[in-house]
Amino acid sequence: MFNKMKVIGGASLLALSFGANAAPVDLFSTNQGAYVDNTKDGTDTGTIINSGPGGSVGAADPTILGGNRDLYVSKISDNNGDQATRTATASVSGGVFDFSTSTGTTGRAQIQWDGAEATNAIDHTGLGGLDLTFGGTQNAFSIGVVFSDAGFNFKITAYTDATNYTEVTITSNAHDVPATTSIPFSAFLLGSGSYLGGTVVVNQVGAGGDLTKLGALVVDIDQLGLKTSLDLTLDQVTTVPEPSVLGLMGIGLLAAGYSRGKKAKLAV
C-alpha cells in the first residue's frame, strides 16, 4: 500500500481566481519528475529538502506562478530498516500532482513558487512583491478535497522576504466524500478568524508574510514525515472572495503550532 497525495485540477488547478479571471499558482499542465527517493534521511525535515531528489521546470511559464516551479521529495523513515524498494515519490503529469510513500515509509514533498532561481534554496523575494489579493478583490484560498482515507499534513508559507513570513500548518481529518474548505487570507494574520472543525495556530516571524507583497510561496506536504498509509486527492485549490461564513468547512482542519515565532489560536 502507498501513501498517496494527488492534486487534480484541469484548467483551474491550484489557480488564483481573481473576479472573472484566473491567474494560476500552478495548473500542473507542465510535467515534472517523477522524483524518487529510496534512501531515508530522518533529519531532512528542515526549511528545505537537502538530501532528496528534485528539480525545476518552467521558463516564464504562464501556467505557473512566477513562471517556474521547484519540486523536491525526501524519504524520511522506513519501519523495516531502509529498503531500496520503499520510496517517497513526487511528480507532475497530465494536470496531476502526485505524492506517495510506500507502506511503512514516510516522506515529504515541497513545492516552491519563488521565481526563476531553480534550486532547492528558497528565493524569498523571487516573486518581486506580487499582490496575491489583486487589489483586495481576492481574500481566501478555496480547497476541494476529493478523498482522503487518513489525515494529512501540509504547511503553507508566505514570504515577504527571508525575515518576514507567516506559516500556517494544517492537519486534516480523513474524508471519504468530496468536501470544500475555505481558508481566508486573514488566517495569515495573528489573532483573527473563526473556524468550524478545529483550531488553527499561526506562526508569524518578523512582521509576517504580506500577501500584497509576496516574495515566495512554499507548500510542504508532511514536512516532519509523520503520516503513513495515506491516499489523498485534492482538487480545485484557488483563491476566491471570502465567503460570508468563514470556515475550514467540511474537512475538519487542525493546525499544528511551531516551537518558534509568535503563535495565536483562532477560536473554534
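Each value, and the rule that gives it
- Residues numbered from 1 in each chain as written.
- Predicted model: local features only at pLDDT ≥ 70, side-chain atom pairs only at ≥ 80, totals over all residues.
- Heavy atoms only, no water.
- Helix = DSSP H or I, 4+ residues; strand = E, 2+ residues; numbered from the N terminus.
- Contact = heavy atoms within 4.5 Å.
- Areas by Shrake-Rupley, 256 points an atom, 1.4 Å probe, with all protein chains shown as cover.
- pLDDT = per-residue confidence, 0-100.
- Core = buried A, V, L, I, M, F, W, Y, C linked by side-chain atoms within 4.5 Å.
- Buried < 20%, exposed > 50% of the residue type's maximum accessible area, 1.4 Å probe, protein only.

Caption draft 1: Main features of the overall build of the protein. Each helix and strand counted, the protein has zero helices and 18 strands in total. Sequence separation of 24 or more characterises 77% of the internal contacts of the protein that already satisfy a separation of 6 or more. Of the roughly 10400 Å² of accessible surface on the protein, 56% is carried by carbon and sulfur atoms.

Caption draft 2: Region of the structure containing the environment of Gly66. For Gly66, the position within the fold is in the loop between strand E5 (54-57) and strand E6 (69-78). Taking the C-alpha atoms as reference, Gly66 lies 8.9 Å from Gly128; in sequence the two are 62 residues apart. Not counting residues within four places of it along the chain, the set of residues in contact with Gly66 comprises Gly115 and Leu127.

Caption draft 3: Region of the structure containing the confidence of the model for the protein. Of all residues in the protein, 67% have pLDDT values of 70 or greater, and the mean over the chain is 75. Within the protein, no element has a lower average pLDDT than strand E17 (residues 254-255), which sits at 34, and none a higher one than E5, at 96. Predicted confidence is poor over residues 1-22, with pLDDT under 50, and the contacts of this stretch with residues over four places away or in other chains come to 102 contacts. A low-confidence stretch, residues 244-268 stays under pLDDT 50, and its non-local contacts, those more than four residues away or across chains, total 94 contacts.

Caption draft 4: View of the nonpolar core. Among the nonpolar cores identified, the biggest contains 35 residues, and Leu71, Phe97, Trp113, Phe188, Leu211, Leu214 and Leu217 are the most heavily contacted of them. The set of elements that each furnish at least two residues to this core consists of E6, strand E7 (88-93), strand E8 (96-102), strand E9 (105-113), strand E11 (152-161), strand E12 (164-172) and strand E15 (216-221). The leading source of residues in this core is E11, at four residues. Leave out the neighbours within four places in its chain, and Leu214 touches Leu127, Gly128, Gly129, Leu130, Leu132, Ala158 and Tyr159. Ile122, Tyr159, Tyr165 and Ala216 belong to the second-largest nonpolar core, a separate cluster that totals five residues.

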